[in-house]
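Listed below, chain by chain, are the residues.
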Amino acid sequence: DGGITQSPKYLFRKEGQNVTLSCEQNLNHDAMYWYRQDPGQGLRLIYYSHIVNDFQKGDIAEGYSVSREKKESFPLTVTSAQKNPTAFYLCASSIGGSNQPQHFGDGTRLSIL
Amino acid sequence: QKEVEQDPGPLSVPEGAIVSLNCTYSNSAFQYFMWYRQYSRKGPELLMYTYSSGNKEDGRFTAQVDKSSKYISLFIRDSQPSDSATYLCAMSGGNNRLAFGKGNQVVVIP
């Protein structure tokens, strides 16, 4: 089945540690996105990419990094510089173009030990 | 003023009732409108995608867009307990990004 796979489902980070969240899609979509979801705050855009080897910062990029070496993959690294990383992280993809709907994975919940 | 306003609820209705959800927006550049359903601990799932003003139906769901009032609605007829979820509106104006509402929690009581 076509879709977006996020792993792991749950992740724990120690203080000062970098962690990487995986996002893979087999929809042949050009565009991919990372969001952070906190209670009462809705979805906030971290990074997005519309083409391989290119990506742009969203509204809350500080403390995060991404890469887009393959069309299918858009991993997100939460660095130790992100002081409040506990959240639900969602990856999405779309065919491309400004007005296309985005399709989401089932998220990764990151917590601090 | 936020770009997209959505009342977070929660909204509780008895099974079989009509659920009415809405969002208002301030950016007149928004031309494409979406509704997503999100179950607890899951990602949002696309329900409806509309462009023009007017109504769009899909089964028990109707999406309504009024661009002159900058107001969109989602109606769920014959609501079921399985409709209990958070519903998010989203919209796009051509800047390669979607603007989301904060989500409205709906509880359908059997």
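Residues numbered from 1 in each chain as written. Chains lettered and ligands numbered in written order. Predicted model: local features only at pLDDT ≥ 70, side-chain atom pairs only at ≥ 80, totals over all residues. Heavy atoms only, no water.

Caption draft 1: Spotlight on the overall build of chain A. If you tally the helices and strands in chain A, you get zero helices and 11 strands. Traced from its N-terminal end to its C-terminal end, chain A shows the element sequence β-β-β-β-β-β-β-β-β-β-β. Scaling as 2.2 N^0.38, a compact globule of 113 residues should have a C-alpha radius of gyration of about 13 Å, and chain A matches this with 13 Å. When the 113 residues of chain A are sorted by exposure, 49% land in the buried category. Contacts spanning at least 24 positions in sequence make up 52% of the contacts within chain A whose residues lie at least 6 apart. Carbon and sulfur atoms form 47% of the exposed surface of chain A, whose accessible area is close to 5400 Å². (Helix = DSSP H or I, 4+ residues; strand = E, 2+ residues; numbered from the N terminus. Rg over C-alpha atoms; globule rule 2.2 N^0.38 Å. Buried < 20%, exposed > 50% of the residue type's maximum accessible area, 1.4 Å probe, protein only. Contact = heavy atoms within 4.5 Å. Areas by Shrake-Rupley, 256 points an atom, 1.4 Å probe, with all protein chains shown as cover.)

Caption draft 2: Region of interest: a nonpolar patch on the surface. All names here are of chain A. A surface patch of nonpolar side chains, about 360 Å² in accessible area, is lined by Tyr10, Phe12 and Leu113. On the secondary structure map, Tyr10 appears in strand β2 (residues 10–13). On the basis of relative accessible area, Tyr10 is assigned to the partly exposed category, the value being 45%. (Patch = residues over 30% accessible without salt bridge, like charges linked within 9 Å, V, L, I, M, F, W, Y side chains within 5 Å. Salt bridge = Lys/Arg side-chain N within 4 Å of Asp/Glu carboxyl O.)

Caption draft 3: Structural detail: the side chain of Asn99(A). With respect to the helices and strands, Asn99(A) occurs in the loop between β9 (87–94) and β10 (103–104). Once residues within four sequence positions are removed from consideration, Asn99(A) is found in contact with Tyr32(B), Tyr49(B), Ser92(B), Gly93(B) and Gly94(B).

Caption draft 4: Representation of the interface of chain A and chain B in the model. Listed per partner, the contact involves 26 residues of chain A and 20 residues of chain B. Looking only at chain A, the three residues that lose the most surface to chain B are Ser98(A), Asn99(A) and Pro101(A), adding up to 28% of its buried area. The interface formed by chain A and chain B includes two salt bridges. A salt bridge links Asp59(A) to Arg97(B); the shortest N-O distance between them is 2.6 Å. For the pair chain A and chain B, the number of links is six residue pairs in polar contact (both at pLDDT 80 or more). When residues of the side of chain A that touches chain B are traced back to their parent elements, those giving at least two are β4 (31–38), β5 (42–51), β9 and β10 of chain A. At five residues, the largest contribution of residues to the side of chain A that touches chain B is made by β5(A). (Buried area = accessible area lost by both parts, 1.4 Å probe. Polar contact = N/O pair within 3.5 Å; in protein donor to acceptor, adjacent residues only side chain to side chain.)

Caption draft 5: Quick look at unusual backbone geometry. Cis geometry is adopted by the peptide bond preceding Pro8(A), which originates at Ser7(A) and carries an omega value of -10 degrees. Within the fold, Pro8(A) resides in the loop between β1 (4–7) and β2. Unlike most non-glycine residues, Lys70(B) shows phi in positive territory, near 55 degrees. Within the secondary structure layout, Lys70(B) lies in the loop between β7 (61–66) and β8 (71–76). We note that Asp78(B) has phi near 45 degrees; this positive angle belongs to a residue other than glycine. Within the element layout of this structure, Asp78(B) appears in the loop between β8 and β9 (85–92).

Caption draft 6: Region of the structure containing the sheet that holds β8(B). All names here are of chain B. Sheet architecture is open: five strands sit in the order β1-β3-β8-β7-β6, paired in antiparallel fashion. Each edge of the open sheet is held by one strand with a lone partner, namely β1 (4–6) and β6 (54–58). Between one strand axis and the next, the sheet turns through 15 degrees on average, direction left out of account. Relative to β8, strand β3 (residues 19–25) is paired through six bridges, and the arrangement is antiparallel. Residue pairing across strands places Leu21 opposite Leu74, the latter belonging to β8. (Pairing = 2+ DSSP bridges. Axes fitted to C-alpha atoms, helices over the stretch in contact; angles between N-to-C directions.)

Caption draft 7: Region of the structure containing the environment of Gly16(B). All names here are of chain B. Relative to the helices and strands, Gly16 is located in the loop between β2 (11–14) and β3. When its relative accessible area of 38% is taken as the criterion, Gly16 is described as partly exposed. A C-alpha to C-alpha distance of 22 Å links Gly16 and Glu45, two positions 29 residues apart in sequence.

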